Amino acid sequence: MKPHYESSLRTNSTVDQAHDSVTKLHNAVSQALSHPDEQTIAQAENSLAHAEEAVSHAPEGSVDGHGVELVEERLADEQERLAGLKQQLGGFED
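Residues numbered from 1 in each chain as written. Predicted model: local features only at pLDDT ≥ 70, side-chain atom pairs only at ≥ 80, totals over all residues. Heavy atoms only, no water.

A. Region of the structure containing the pattern of salt bridges. For the coordinates displayed, the defined rule picks out 2 salt bridges. Here E45 and K86 are joined by a salt bridge, their closest N and O atoms 2.6 Å apart. With E45 in helix α3 (residues 38–57) and K86 in helix α4 (residues 68–89), this pair connects stretches of sequence that are 41 residues apart. K86 carries the same exposure label as E45, and that label is buried. (Salt bridge = Lys/Arg side-chain N within 4 Å of Asp/Glu carboxyl O. Helix = DSSP H or I, 4+ residues; strand = E, 2+ residues; numbered from the N terminus. Buried < 20%, exposed > 50% of the residue type's maximum accessible area, 1.4 Å probe, protein only.)

B. Up close: unusual backbone geometry. Phi at D64 is positive, roughly 55 degrees, even though this residue is not glycine. Turning to its location among the elements, D64 is positioned in the loop between α3 and α4. Overall, the relative accessible area of 80% leaves D64 in the exposed class.

C. Structural detail: the environment of I41. Structurally, the position occupied by I41 is in helix α3. Given a relative accessible area of 1%, I41 falls into the buried group. Residues I41 and Q31, 10 residues apart in the sequence, show an inter-C-alpha distance of 8.5 Å.

D. Fine view of the packing of helix α2 (residues 14–34) against α4. One way to put it is that α2 packs onto α4 with a least axis distance of 10 Å and a crossing angle of 20 degrees. Accordingly, the angle class assigned to the pair α2 and α4 is roughly parallel. Note on packing geometry: the crossing formed by α2 with α4 is left-handed. Where α2 approaches α4, its residues V15, A18, H19, V22, T23, L25, H26, V29, S30, A32 and L33 are matched on the opposing element by V68, L70, V71, R74, L75, E78, R81, L82 and L85. Its residues assigned to classes, the contact of α2 with α4 comprises 13 nonpolar, 4 polar and 3 charged. (Axes fitted to C-alpha atoms, helices over the stretch in contact; angles between N-to-C directions. Parallel < 35°, antiparallel > 145°, perpendicular 65-115°, else oblique. Left-handed = near helix turned anticlockwise from the far one by under 90°. Contact = heavy atoms within 4.5 Å. Nonpolar A, V, L, I, M, F, W, Y, C, P; charged D, E, K, R; others polar.)

E. The arrangement of the environment of A44 in detail. Summarising the element assignment, A44 is placed in helix α3. Residue A44 is classed as buried on the basis of its relative accessible area, which comes to 0%. C-alpha of A44 to C-alpha of N27: the two residues are 17 residues apart in sequence and 8.4 Å apart in space. Aside from chain neighbours lying at most four places away, what touches A44 is L25, A28, V29, A32 and L82.

F. How the structure looks around the packing of α2 against α3. Relative orientation of the contacting elements α2 and α3 amounts to 165 degrees, with a least axis distance of 8 Å. Considering their axes alone, α2 and α3 lie roughly antiparallel with respect to each other. The handedness of the crossing between α2 and α3 comes out as left-handed. Mapping the contact onto sequence places T14, Q17, A18, S21, V22, K24, L25, A28, V29, Q31 and A32 in α2 and T40, I41, Q43, A44, S47, L48, H50, A51, A54, V55 and H57 in α3. Each residue belonging to the contact of α2 with α3 can be placed in one class, and the counts come to 12 nonpolar, 9 polar and 1 charged.

In short, shape yes, function no, at least from these values alone.
In structure tokens form, the structure reads like this:
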């Protein structure tokens, strides 16, 4: 089995944690897009809240802001995807 070098190179900084959180958000939004119902949308919204919190802390652990802009862009993309789904379905507001 091939070792996973990416994980061994990571420092588990706040930026890495934010990227992980946004990746989980991406997966939750994708699930909601595939199977749009109240439960999957609620899970995506919960994941969104966690990702927003993680991204808000990303600058604290970055070196000269490295990686923060990328994770903020990824978060914005996922916010747009989820908002588009909710608009398409006409609701599922909190």
